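Single-letter residue listing:
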Amino acid sequence: MAVGTSQTEGPSGAPSPASAGEHGTASGETLHMQLWRGDKDGGQFVEYQVPAQEGEVVLDVVHRIQASHAPDLAVRWNCKAGKCGSCSAEINGVPALMCMTRMSTLDTASPITVSPMRTFPVLRDLVTDVSFNFEVAKLIPSFTPAPPPPGGYRMQQVDVERGQEFRKCIECFLCQNVCHVIRDHEENKAHYAGPRFFVRLAELEMHPLDTLDRRAYVRERMGVGYCNITKCCTEVCPEGIHITDNAIIPLKERVVDSRYDPVAWLGRKILRRPAPMTAAEAAAHTSAATRGVSDAAR
Ligand code: SF4
Ligand code: SF4
Ligand code: FES
């Protein structure tokens, strides 16, 4: 049952991070779960005490609380297998998937807090509005290959594997949630894409069959320069994508080359390669692609 409340102004006031070690939860032990309850106007942690059951993940316990104590508790989930990216939250202040966080990895001797992701507006309880991410996704100029040559497209295995790592992304947005550029600065969302979309842009920019040059756009509109490679995004990625090393750093290198490398500039002049796409051109390309999709859907 709900046994009390601890007053906070918002979901950000979670106590210290979870211990990473194995603790073990004995069946019958009482769990002290503090779930954040509230909406965009504010809320608080509410404590629920439920008996522990062996082999559970945090989402199991949240579901038991929802079934037995708080039927109006809002929680988003779908697959319970770490693949849909829906159940992202902050467990003891650490961004994680509820369905992939075993209770046995948490110190159940102390209360366990579960709060919504802090970077996005709260809709209700543990559910946030992540539409910012879908708006950014719409701005990214899509994959644009040249017409297939005789015999079809061919790629080196190394290029296939690079893309496969990036495509493991489940869009849980935990990396977006932890990135300090937007976590603490709402105003940066207007000109910063965030790590999930640097992964997408890196995939496109390094794709050997893609013909667009998005480097100027990555700098001007997607704001890659704001990232100072703290690697916090990489640390929380449940798919183990090396976001900083394999996506952001190569993307930054490409952006710097296109703007400041005089040899690359001269090479472009001599070989008459197209200049990198500007933000305006990228927007025009994206809107043309969107029109194409909606025309095709008619
Ligand atoms: S490495 Fe860059 S994108 Fe990742 S969390 Fe740090 S600032 Fe954000
Ligand atoms: S890159 Fe990793 S942390 Fe970021 S949205 Fe994709 S799966 Fe989640
Ligand atoms: S419920 Fe799908 S990732 Fe957790």
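If you're wondering where the values come from, they're calculated on a predicted model, not measured in any experiment. (Residues numbered from 1 in each chain as written. Chains lettered and ligands numbered in written order. Predicted model: local features only at pLDDT ≥ 70, side-chain atom pairs only at ≥ 80, totals over all residues.)

It is worth spelling out the overall build of the protein chain at this point. Scanning the protein chain for helices and strands turns up 11 helices and 8 strands. Residue burial in the protein chain is summarised as follows: out of 298 residues, 35% are buried. Sequence separation of at least 24 residues holds for 70% of the intrachain contacts in the protein chain that already meet a minimum separation of 6. (Helix = DSSP H or I, 4+ residues; strand = E, 2+ residues; numbered from the N terminus. Buried ≥ 20, exposed ≤ 12 C-beta atoms within 10 Å, placed from the backbone. Contact = placed C-beta atoms within 7 Å.)

Turning our eyes to something else, we now look at the site of ligand 1. Around ligand 1, 13 residues are found, and the nearest of them are C179, P195, C227, T230 and C233. Elements represented by at least two residues in the shell around ligand 1 include exactly α8 (232–236) and α9 (243–260). Across the shell around ligand 1, the residue classes break down as 9 nonpolar, 3 polar and 1 charged. (Near = placed C-beta within 6 Å. Nonpolar A, V, L, I, M, F, W, Y, C, P; charged D, E, K, R; others polar.)

What follows covers the pairing of strand β4 (residues 88–91). Of the two faces of β4, the one carrying S88 and E90 and the one carrying A89 and I91 are both buried. By the bridge criterion, 4 bridges tie β4 to strand β5 (residues 94–97) in an arrangement that is antiparallel. Along β5, the bridge assignment pairs I91 with V94. Here β4 hands over to β5 after 2 residues, with N92 in that stretch at a positive phi of 50°. Summarising the sheet, β4 and strand β6 (residues 112–115) pair through 2 bridges and their orientation is antiparallel. Its bridge partner lying in β6, I91 is registered against V114. (Pairing = 2+ DSSP bridges.)

Before going further, it helps to examine the pairing of strand β3 (residues 42–51). Note that strand β2 (residues 30–39) and β3 share 10 bridges and pair antiparallel. Residue pairing across strands places L31 opposite V50, the latter belonging to β3.

Glancing now at the site of ligand 2. Lining the immediate surroundings of ligand 2 are 16 residues, of which C169, C172, C175, R196 and C237 lie closest. For the shell around ligand 2, the elements supplying multiple residues, two or more each, are α4 (174–178) and α6 (195–205). The element best represented in the shell around ligand 2 is α6, accounting for 3 residues. Of the residues belonging to the shell around ligand 2, the class tally is 13 nonpolar, no polar and 3 charged.

Moving on, we come to unusual backbone geometry. The phi torsion at F173 lies on the positive side, around 65°, for a residue other than glycine. With respect to the element layout, F173 can be found in the loop between α3 (157–166) and α4. A positive phi angle, near 70°, is found at K231, a position not held by glycine. Position of K231 among the secondary structure elements: in the loop between α7 (215–220) and α8.

Turning to the confidence of the model for the protein chain, a few remarks are in order. Confidence in the prediction for the protein chain averages 87 pLDDT; 78% of positions are at 70 or higher. With pLDDT under 50 throughout, residues 4–10 is counted as low confidence; its partners more than four residues away or in other chains account for 13 contacts. (pLDDT = per-residue confidence, 0-100.)

Attention now goes to the nonpolar core. Across soluble globular proteins, nonpolar side chains have a tendency to be buried as a group. Among the nonpolar cores identified, the biggest contains 61 residues, and L35, M98, V114 and F198 are the most heavily contacted of them. A domain-level breakdown of this core finds at least three residues from each of domain 1 (2–128) and domain 2 (131–297). Excluding residues within four positions of it along the chain, F198 makes contact with A193, V224, A247, I248 and L251. (Core = buried A, V, L, I, M, F, W, Y, C linked by C-beta atoms within 7 Å. Domains from an automatic or database assignment.)

Attention shifts here to the environment of S115. Mapping S115 onto the fold places it in strand β6. Under the C-beta neighbour-count criterion, S115 is labelled buried, with 26 such atoms within 10 Å. As for S115 and F45, which are separated by 70 residues in sequence, their C-alpha atoms are 8.1 Å apart.

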